[in-house]
Structures are given as structure tokens and as C-alpha cells.
Amino acid sequence: MVEMMKAAVVHAFGAPLVIVELPVPEPGPGQVLVKIRASGVCHTDLHAADGDWPVKPRLPIIPGHEGVGFVVAVGEGVDNPRVGDCVGIAWLHSACGECDYCANGWETLCKCQTNTGYTQSGTFAEYTLADADYVVPIPDGSELVSVAPILCAGVTVYNGLKRTDARKGEWVAISGIGGLGHMAIQYAKLMGFKIAAVDVDDEKLAFASELGATIAINARSEDPGEVLQKRVGGVHGVLVTASSVRAYEQAYRMLRPGGTMTMIGLGSGALAVPIYDTVINAITIRGSVVGSRRIMREAMEFAAHGKIKAAIHAARLEDINAVFDRLRRGDFEGRFVLDFGGPDYASHADRDPPLHAWA
Ligand code: NAD
Ligand code: ZN
Ligand code: ZN
């Protein structure tokens, strides 16, 4: 067994990450040790490294929460997964399993939850520990580098779209066509919605149209609310992955009466909601955070059947600061994924019965 591993560590908010050699951790009771094959880079990792949010991670921290890899060791009491299984490690690192939220499929709201790459060491490392009960089974045969972004971007937008309460054939707008947004367009298409894309970058909007958006609006040069009210009478649902107050204000005005705005983008500002308009138009505004393990399985299954595919830019762990700079500038389409090398496709330990229905 290898004793040392490379990891990207945040030592100070806003400072470059440092690649360090650390001892490979040992799995404790209920934990598994995972050799990372690939890890997506989410804008949340950048918020974490910059200390953008009111509740900040304790430093030093290894970010990363879109990790896929293979179990190489299991701690005491772990029957599942087994050594050799391919698993994903997502934002929801663990939860209590017993509170009302956990008992009702809302473990993402558990007050005792821990979060990968925020309160627990994350996936920007060659190895990481995970909670055996919260790793995500990766369907056999999944292409590992391209499936990684499902673990956060995919599940978050799939869940967020469901929570707009829009129905097949209705209009949804997606504000922010970055890592999350470009996957949202693909899920929205599968879910049978008519799609409007909003961003501040023409290349991202062109990409959104290629992926299936029939209306594309640059929020810098046009007022997206005005355009959508005029062209389609407002949208039934809007999914906001952009994080600025301005993007949220604009998104609110895209809605038709009875419409729902799902808030995904994690800005730290405050949104002023007009009371009269919200009441008279029966508008719903709701936050949405990642997705439960059940929703994760659904999101994964679409990807496993080749229906959702992240647009990937591969990078190495050593490139993480350059990747963060690109994310700050927002000058690329899709998602960066750190490629650690290894098998290209998911596989699992030989077993009978299989780990899950699709293995
Ligand atoms: P990203 O940087 O890849 O994408 C952001 C996109 O927003 C970019 O395309 C950018 O051009 C666009 N944008 C910027 N200003 C805009 C505006 N005014 N109007 C419309 N579009 C605008 O980031 P990402 O990885 O997709 O993450 C997006 C946000 O979602 C981050 O704040 C992240 O922390 C958050 N997030 C939330 C959850 C959750 O569970 N709620 C999960 C994952 C990420
Ligand atoms: Zn994320
Ligand atoms: Zn709980």
C-alpha cells in the first residue's frame, strides 16, 4: 500500500492552493478509503477556497466534492461497498441517518451533516476517506472522467428542475450556463421542457442553443424578463445557477403568474422581493441544495444511459490554480475535471448478488 499521496490544500482564503505530500489516511469504523480517478471542479470549491460564505471551512482544507474512484480499503464494520467497487464522493459526506430529515429523504437538510471538501477533506487528492453509507454507486461501464460532474452539477440541477414544479411541455429558463447550467439544459430537454437560456457570455449562449435551448438571451445586452414576458408570456420555472443579486432579480421577472424560481447559485447577497407582485401573481421562490441519495441515483442513471454528458476539460491536480483562474474568468464552456489516471470505465468487485440493480 502506498503511504504518501499528493493533495491540493487551501492554507489561506484567496491564496493559491498548495500541492503537498500527505500520509494516505486510514479508514476508521464505517469509512472507506477511495483512490481518486477523477474529480470535477465546482464553483463551490472556489467559494470555499476564497472564504466567500458566512460559514467558512476550517483551514487547512482539501476541497473537491465531485470525486469518482475505487475503494482500496474498508474500515471496521463496512460490508458495503467492497474493495474494488467504483464509487462517487459527493457534497453530502455524511448525515445522522436518524433525524426527521434523514428519515424522510431530506438528508441534505440534516443538521448533523458533514460536507466533502468543506468540513471534511475532499477529492482534490490522490486518496480520500468517505462514509460507506453515503458513497454513490457508480453504474458499471460509466466513463469515469465524464461522470464525475453528475455528483454535484448533475444532481443539483436535476433536483432543482424538478423543484420548479414545471411540467412537460412548459417553459423553463436557466440562468447561468456554466458547469451546472450546461447540464441543466440537458436534463431539462430530457424532462420535456421548452428551454430558455440566460447568461452574460455569447459563447455560452451559443453552446446552450447547441444543447437544446430554443431561446438564448444575453442579460448584459437585453432585459431577459422583458424578452421572456413578450415572447412566451413568462416562464413556468426558472433555475438560477448564477450567483449575483442582479441575476436573481432578473430571474424573478422572467416568471409568469404561478411560476416558481429555484435558487441554486450560492451568492451571499440579499434579494429584495416585491411583496405585492409576489402575492398577486402567486409566485414561489425556493432554495434547493444538491439532492438526496435517491435523487442522485436517478441523476446518475440518466448519465449511465448516455443521455447526459458533461462537456469536459481535463486537467491535472497540479493545474488546480490555473483551473480556478479560468473559473474566476468564466472563459470556457462546461466543466473542468482533474484526471488522476487509471481505468476509464466503472467496474465493481465480483459479487453475488450485485451491489445495485444496474451493476
Ligand atoms: P460556473 O462558474 O461554471 O457557472 C456560472 C455561470 O453563470 C457562468 O456561465 C457565468 O457566465 C454565468 N453568469 C454570471 N453572471 C450572470 C448573470 N448576471 N446572469 C446570468 N448568468 C451569469 O459555476 P457552477 O459550478 O455552475 O456553479 C454555479 C453556482 O452554483 C455557484 O455559486 C455554486 O457555488 C453553486 N452551487 C450550488 C449548489 C446547490 O446545491 N445549490 C450545488 C453546486 C453549485
Ligand atoms: Zn458542487
Ligand atoms: Zn439527520
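Shown above is the structure to which this text applies.
We now turn to the structure provided with this report. (Residues numbered from 1 in each chain as written. Chains lettered and ligands numbered in written order. Predicted model: local features only at pLDDT ≥ 70, side-chain atom pairs only at ≥ 80, totals over all residues. Heavy atoms only, no water.)

Structural notes on the sheet that holds strand β15 (residues 284–287)
The strands making up a sheet associate through hydrogen bonds between their backbones, and the pairing can be parallel or antiparallel. Under the convention used in this document: Should DSSP find at least two bridges between two strands, the strands are regarded as paired. Helical segments are the DSSP runs of H or I of at least four residues, strand segments are the runs of E of at least two, and each set is numbered from the N terminus. Axis geometry follows a simple rule: fit a line to the C-alpha atoms, using only the stretch in contact for helices, then measure angles between N-to-C directions, giving values from 0 to 180 degrees. The contact criterion used throughout is that any non-hydrogen atoms of two residues lie within 4.5 Å.
Spatial ordering of the open sheet is given by β12-β11-β10-β13-β14-β15, a layout of 6 strands whose pairing is parallel. Of all strands in the sheet, those with a lone pairing partner are β12 (215–218) and β15, marking the two edges. For this sheet, the mean angle separating the axes of adjacent strands, direction not counted, is 15 degrees. Here strand β13 (residues 235–240) runs beside strand β14 (residues 255–263); their pairing, made up of 5 bridges, is parallel. Paired with G237 across the bridge in β14 is T260. Contacts from helix α7 (residues 224–232) reach β10 (171–175), β11 (194–199), β12, β13 and β14, with the element oriented near 155 degrees to β12.

Points about helix α10 (residues 293–304)
As a reminder of what qualifies: Given a helix with a known number of residues, its expected span is that number minus one, times 1.5 Å. For each residue, the accessible area found with a 1.4 Å probe, counting protein chains only, is set against the maximum for its type, and the residue is called buried under 20%, exposed over 50%, and partly exposed in between. Directions pointing from the helix axis toward each C-beta atom define the arc.
When the terminal C-alpha atoms of α10 are compared, their 16 Å separation across 12 residues agrees well with the 16 Å that a helix rising 1.5 Å per residue should span. Among the residues of α10, I295, M296, A299, M300 and A303 are the ones counted as buried. Along the axis of α10, the buried residues cluster in a sector spanning 140 degrees; they form a single face. In this structure, the buried residues of α10 make contact with β9 (136–137), α3 (144–147), α4 (153–162) and α5 (179–190). Remark: G306 follows α10 within two positions and exhibits a positive phi of approximately 75 degrees.

Here's the deal with a nonpolar patch on the surface
What counts is decided by this rule: Patch definition: residues above 30% relative accessible area lacking any salt bridge, with like charges linked at up to 9 Å and the nonpolar side chains Val, Leu, Ile, Met, Phe, Trp and Tyr linked at up to 5 Å. Areas reported as accessible are Shrake-Rupley estimates using a 1.4 Å probe. Residue values count occlusion only from the protein chains shown. Salt bridges are defined as contacts in which a side-chain nitrogen from Lys or Arg sits within 4 Å of a carboxyl oxygen from Asp or Glu.
The grouping of Y101, W106, L109 and V289 at the surface amounts to a nonpolar patch, some 330 Å² of accessible area in total. Inspection of the secondary structure puts V289 in the loop between β15 and α10. For V289, a relative accessible area of 36% gives the class partly exposed.

Details of the pairing of β13
Quick note on the threshold: Consider the strands pointing away from the viewer: the crossover is right-handed when the path from the first strand over the helix to the second runs clockwise.
Of all 6 residues making up β13, 6 are buried, and the element is well covered by its neighbours. Direction of pairing for β10 relative to β13: parallel, over a ladder of 4 bridges. Residue pairing for β13: S175 is matched across the bridge by V240. Read from β13 through helix α8 (residues 245–252) to β14, the crossover connection turns out right-handed.

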